[in-house]
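# What the coordinates show
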Amino acid sequence: MHTEDAILKDLTVMLTDMTSDWDLDDFSGEITGDTKLVADLAMESVELVQLMVAIEQKFKIKNFSAEKLLTRNGQMVTDLSVSEIARFLSGVLNA
């Protein structure tokens, strides 16, 4: 059983490591559940793909459908918070 809190903790560590050498002019402080991938961390499509691969590997998810995470009602989600990703992963991992 993967709790949403444990997943959130893993994601914040993963994102902190991933972004540690990035020059983030508009973001200072620690990554939390409220941190937005695009607005706060300035992630672009390449970094989002890297994150999806890292999530797949970390949580050992086979056939991870990033499309389900990144779209709602057929529309691309413009920005995700770390807690939204944790909630999604909790549903996938505990299904």
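Going by the structure above, here's the rest.
What this report covers is the structure whose coordinates are included nearby. Just so we're clear, the structure is a prediction, and the values are computed from it rather than from any experiment.

Rules behind the numbers
- Residues numbered from 1 in each chain as written.
- Predicted model: local features only at pLDDT ≥ 70, side-chain atom pairs only at ≥ 80, totals over all residues.
- Heavy atoms only, no water.
- Helix = DSSP H or I, 4+ residues; strand = E, 2+ residues; numbered from the N terminus.
- Rg over C-alpha atoms; globule rule 2.2 N^0.38 Å.
- Contact = heavy atoms within 4.5 Å.
- Areas by Shrake-Rupley, 256 points an atom, 1.4 Å probe, with all protein chains shown as cover.
- Lys, Arg positive; Asp, Glu negative; His and termini not counted.
- Charge placed at Lys NZ, Arg CZ, Asp CG, Glu CD.
- Expected span 1.5 Å × (residues − 1).
- Buried < 20%, exposed > 50% of the residue type's maximum accessible area, 1.4 Å probe, protein only.
- Arc of directions from axis to C-beta.
- Axes fitted to C-alpha atoms, helices over the stretch in contact; angles between N-to-C directions.
- Parallel < 35°, antiparallel > 145°, perpendicular 65-115°, else oblique.
- Left-handed = near helix turned anticlockwise from the far one by under 90°.
- Salt bridge = Lys/Arg side-chain N within 4 Å of Asp/Glu carboxyl O.

Assigned secondary structure in the chain consists of 4 helices and 2 strands. Along the chain, helices (α) and strands (β) appear in the sequence α-α-α-β-β-α when read from the amino end. Rg of the C-alpha trace for the chain: 13 Å, near the compact-globule value of 12 Å for 95 residues, within the 12% margin. When the backbone C-alpha atoms are referred to their principal axes, the chain occupies close to 40 × 30 × 20 Å. Long-range contacts, defined as pairs at least 24 residues apart, comprise 63% of the intrachain contacts of the chain with a sequence gap of at least 6. Accessible area of the chain: about 6,200 Å², with a carbon and sulfur share of 48%. When the 8 positive and 17 negative side-chain charges of the chain are each reduced to one mean point, those points stand 12 Å apart.

Another point: helix α1 (residues 4-19). The terminal C-alpha atoms of α1 lie 22 Å apart, and with 16 residues this matches the ideal 22 Å at 1.5 Å per residue to within 8%. Those residues of α1 that fall on the buried side of the exposure criterion are I7, L11, T12, M14, L15, M18 and T19. The arc that holds the buried residues of α1, viewed along the axis, is 165°, so those residues lie on one side. Away from its buried face, by an angle of more than 90 degrees, α1 presents the exposed residues D5, K9 and D17. In this structure, the buried side of α1 is in contact with α2 (45-58) and α4 (82-93).

Our focus in this paragraph is the packing of α1 against α2. Helix-helix packing is described using two parameters, namely the angle between the two axes and the distance between the axes. Between α1 and α2, the shortest axis-to-axis distance is 11 Å and the interhelical angle comes to 135°. Here α1 lies oblique to α2, going by the angle between them. Between α1 and α2 lies a crossing of right-handed hand. Together, D10, L11, M14, L15 and M18 of α1 and E47, Q50, L51, A54, I55 and K58 of α2 make up the contact between the two elements.

Moving on, we come to the side chain of S83. Of note, S83 is situated in helix α4. If we skip the residues at most four places from it in the chain, S83 touches E4, L8 and G33.

Looking now at α4. Relative to the 16 Å expected for 12 residues at 1.5 Å per residue, α4 spans 16 Å between its end C-alpha atoms, a close match to the ideal helical length. Taken together, the buried positions of α4 are V82, S83, E84, I85, A86, L89 and S90.

Looking now at the pattern of salt bridges. Using the criterion set out here, one finds 2 salt bridges in the structure. A salt bridge links E4 to R87, with the shortest nitrogen-to-oxygen separation between them at 3.8 Å. In this pair, E4 is assigned in helix α1 and R87 in helix α4, connecting sequence segments 83 residues apart. The class of E4 is partly exposed, set by a relative accessible area of 31%. The shortest N-O distance in the salt bridge between R72 and E84 comes to 3.5 Å. Of the two residues, R72 sits in strand β1 (residues 71-72) while E84 sits in helix α4, which places them 12 residues apart along the sequence.

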